[in-house]
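For reference, the chains in residue letters:
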Amino acid sequence: MPRPRKCRRIEGCPKASFFKPQGIPLRELTEVYLSMDGFEALRLSDYEGLGMEEGAERMHVSRHTFGRILGDARRVVAKALVDGLALHIAHDAQMPCFQLNPDRVAARKKELSMTKIAITSEGPNMTDRVDPRFGRAAGFVVVDLETMESKYIDNGGSQTLSHGAGIQAAENIINAGASVLLTGSVGPKAFAALKGGGVKIGHNMSGGTVADAVEAFKAGKVEFTDSPNR
């Protein structure tokens, strides 16, 4: 019987879970997968500049294991860059378990607070109707619930993509700092990207205005989903 694999401590949370070459439709690209432990090893070694021993201690693994994880991760990233492939940071359920640093998780939750929500919209105003689409929505109205100030994010770039529009739109939402998305429906890849970025998804919101959606959220009437609904 193989020896049980030890949990790895993950302190960093990727702000985006998908990267691809610009201008190439996703359907024409091959995807390569970078595991969360590979992401963490890269972050500790190549971003924070830690040595092998320090990195291994932070991840709660042996120095040999850390070196192997780091080497595998570097090869994946190099392959994506050299061959022009799509890079997906993904947690495979068959990989060994991960232990997230509670301080980092708390910091991420604070960064993505419930005070900022995004709504798919047919236009830039609170009186415009909610766009039932996500990836190919006209744009997003991002509302700060503390001040009720809003800003508009145009989604025209995603609309021109023949494939991968949902992932690009998800990156726009995450980069805007919104922790909640209100929309009509979300596809599988966009759903995975949003959840990976810590965004809660309220669906079935079509039929009213952006202001109506905000009021429904404030009143606790939004239906959140744990799976793609398109």
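Quantities reported herein were computed from a predicted structural model and do not represent experimental measurements.

Engineer: What should I look at first to understand the packing of aromatic side chains in this one?
Structural biologist: Two aromatic rings, taken as a pair, are described by how far apart their centres are and by the angle between their planes. Across all of its chains, the model carries two aromatic pairs by this definition. Taking 5.7 Å as the distance between ring centres and 45° as the angle between the ring planes, the aromatic pair formed by phenylalanine 134 and phenylalanine 140 counts as tilted. In this structure phenylalanine 134 comes out as buried when scored by relative accessible area, which is 3%. On the accessibility criterion, phenylalanine 140 (0% relative accessible area) is buried.

Engineer: Looking at this structure, I do not really get unusual backbone geometry. What am I missing?
Structural biologist: For residues besides glycine, phi is generally negative; the peptide bonds are generally trans as well. The phi dihedral of histidine 60 is positive, around 60°, even though this residue is not glycine. Position of histidine 60 relative to the elements: it lies in the loop between helix H2 (52–59) and helix H3 (63–83). Its relative accessible area of 31% is what places histidine 60 among the partly exposed residues. Of note, asparagine 204 is a non-glycine position whose phi angle comes to about 55°, a positive value. Among the secondary structure elements, asparagine 204 is positioned in the loop between strand S10 (200–202) and helix H8 (210–218).

Engineer: Help me understand helix H6 (residues 165–175) in this model?
Structural biologist: Residues lying three or four places apart along an α-helix face the same way, a consequence of the helix completing one turn every 3.6 residues. For H6, a buried count of eight out of eleven residues is recorded, marking the element as mostly surrounded by other parts of the structure. Of the residues making up H6, those classed as buried are Ala165, Gly166, Ile167, Ala169, Ala170, Asn172, Ile173 and Ile174. Backbone geometry just after H6 places glycine 177 at a positive phi near 85°.

Engineer: Would you mind going over the sheet that holds strand S3 (residues 31–34) with me for this structure?
Structural biologist: Sheet strands pair via backbone hydrogen bonds, and the direction of the pair is either parallel or antiparallel. Pairing is mixed across the open sheet formed by three strands, whose spatial order is S2-S4-S3. At either margin of the open sheet sits one strand with a lone partner, and together these are strand S2 (18–19) and S3. Note: S3 against strand S4 (residues 86–89), four bridges, orientation parallel. Each bridged residue has a counterpart across the sheet, and for valine 32 the counterpart in S4 is leucine 87. Sitting on the sheet, helix H1 (residues 36–47) is in contact with S3 and S4, with an inclination near 70° to S3.

Engineer: Would you explain helix H7 (residues 188–196) in this entry?
Structural biologist: By the burial criterion, the buried members of H7 are Ala190, Phe191, Ala193 and Leu194. Buried residues in H7, looked at end-on, bunch into an arc of 165°, giving them a common side. Considering only its buried residues, H7 is in contact with H6, strand S9 (180–182) and S10. Glycine 198 occupies a position one or two residues after H7 and carries a positive phi of about 80°.

Engineer: Whenever I open this one, the sheet that holds S10 confuses me. Can you help?
Structural biologist: If you walk across this open sheet you meet the five strands as S8-S7-S6-S9-S10, and the pairing is mixed. Only two strands of the sheet have a single neighbouring strand rather than two, namely strand S8 (149–154) and S10. Looking at each pair of strands side by side, their axes are set apart by 25° on average, direction ignored. Where strand S7 (residues 139–144) meets S8, six bridges bridge the pair, whose relative direction is antiparallel. Bridge pairing in S8 places glycine 139 opposite aspartate 154. Packed on one face of the sheet, H8 meets strand S6 (116–121), S7 and S9 and runs near 145° to S6.

What counts, and where the lines are drawn
- Residues numbered from 1 in each chain as written.
- Predicted model: local features only at pLDDT ≥ 70, side-chain atom pairs only at ≥ 80, totals over all residues.
- Heavy atoms only, no water.
- Phe/Tyr/Trp six-rings, centres within 6.5 Å; stacked < 30°, edge-to-face > 60°.
- Buried < 20%, exposed > 50% of the residue type's maximum accessible area, 1.4 Å probe, protein only.
- Helix = DSSP H or I, 4+ residues; strand = E, 2+ residues; numbered from the N terminus.
- Pairing = 2+ DSSP bridges.
- Contact = heavy atoms within 4.5 Å.
- Axes fitted to C-alpha atoms, helices over the stretch in contact; angles between N-to-C directions.
- Arc of directions from axis to C-beta.

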